[in-house]
Amino acid sequence: MKTRFLRFAGVRSRARRASTVGLFLTLFASAAHAQGTPEQRRACTPDVYRLCAGEIPNVRAITACLRRNRASLSEACRTVFDQAGS
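Residues numbered from 1 in each chain as written. Predicted model: local features only at pLDDT ≥ 70, side-chain atom pairs only at ≥ 80, totals over all residues. Heavy atoms only, no water.

K.L.:
Please explain helix H4 (residues 75-84) as it appears in this structure.
P.N.:
When we look at burial in H4, the residues that qualify are Cys-77, Val-80 and Phe-81. For H4, the angular spread of the buried residues around the axis is 90°, confining them to a single face. Pointing more than 90 degrees away from the buried face of H4 are the exposed residues Glu-75 and Gln-83. Packed against the buried residues of H4 are helix H2 (38-51) and helix H3 (59-68). Gly-85 lies just past H4 and shows a positive phi near 75°. (Buried < 20%, exposed > 50% of the residue type's maximum accessible area, 1.4 Å probe, protein only. Helix = DSSP H or I, 4+ residues; strand = E, 2+ residues; numbered from the N terminus. Arc of directions from axis to C-beta. Contact = heavy atoms within 4.5 Å.)

In structure tokens form, the structure reads like this:
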């Protein structure tokens with residue numbers, strides 16, 4: 001039983017990491033499909049989990065959630081949005 005749970009937990013963890021990577025590869029995509037830098041994605045990852053976890057993996061919903069919660073964003077993530085002009 002314990003082995004089955006650990007195997008399931010490992011699969012779930014890998015799936016979560018994979019979806020998070022995919023999420024942040026597209027999070028800051030513009031009309032030209034440019035991607036945010038790794039630094040920008042790292043700056044906002046904690047805020048996504050803290051403020052918008054229920055929106056994962058919907059990139060548009062996450063972006064809208066971060067914009068709605070701009071006052072609660074970390075300084076690093078707020079800077080990313082200020083630089084993007086959002």
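K.L.:
How should I be thinking about the pattern of salt bridges in this particular structure?
P.N.:
Any two side chains of opposite charge can pair, on the condition that their charged atoms come close. Applying the stated criterion to the full structure yields 4 salt bridges. Salt-bridge contacts for Arg-70 lead to Asp-82; the nearest nitrogen and oxygen are separated by 2.8 Å. A residue pair is termed long-range when its members are at least 10 positions apart, and Arg-70 in the loop between H3 and H4 and Asp-82 in helix H4 qualify at 12 residues. Across the pair Glu-75 and Arg-78 runs a salt bridge, and its minimum N-O distance is 3.1 Å. Taken together, the residues Glu-75 and Arg-78, both in helix H4 and 3 residues apart, mark about one turn of the helix. (Salt bridge = Lys/Arg side-chain N within 4 Å of Asp/Glu carboxyl O.)

K.L.:
Help me out: how do you make sense of the environment of Ala-43 in this one?
P.N.:
Along the chain, Ala-43 falls in helix H2. The class of Ala-43 is buried, set by a relative accessible area of 16%. Distance in space between the C-alpha atoms of Ala-43 and Val-80 is 7.6 Å, their sequence separation being 37 residues. Leave out the neighbours within four places in its chain, and Ala-43 touches Ser-74, Ala-76, Cys-77 and Val-80.

K.L.:
Help me understand unusual backbone geometry in this model?
P.N.:
Negative phi values dominate among residues other than glycine, just as trans dominates among peptide bonds. Residue Pro-57 is bonded to the preceding Ile-56 through a cis peptide linkage, with omega at 15°. By secondary structure assignment, the location of Pro-57 is in the loop between H2 and H3.

Read these as spatial facts, not as claims about activity.
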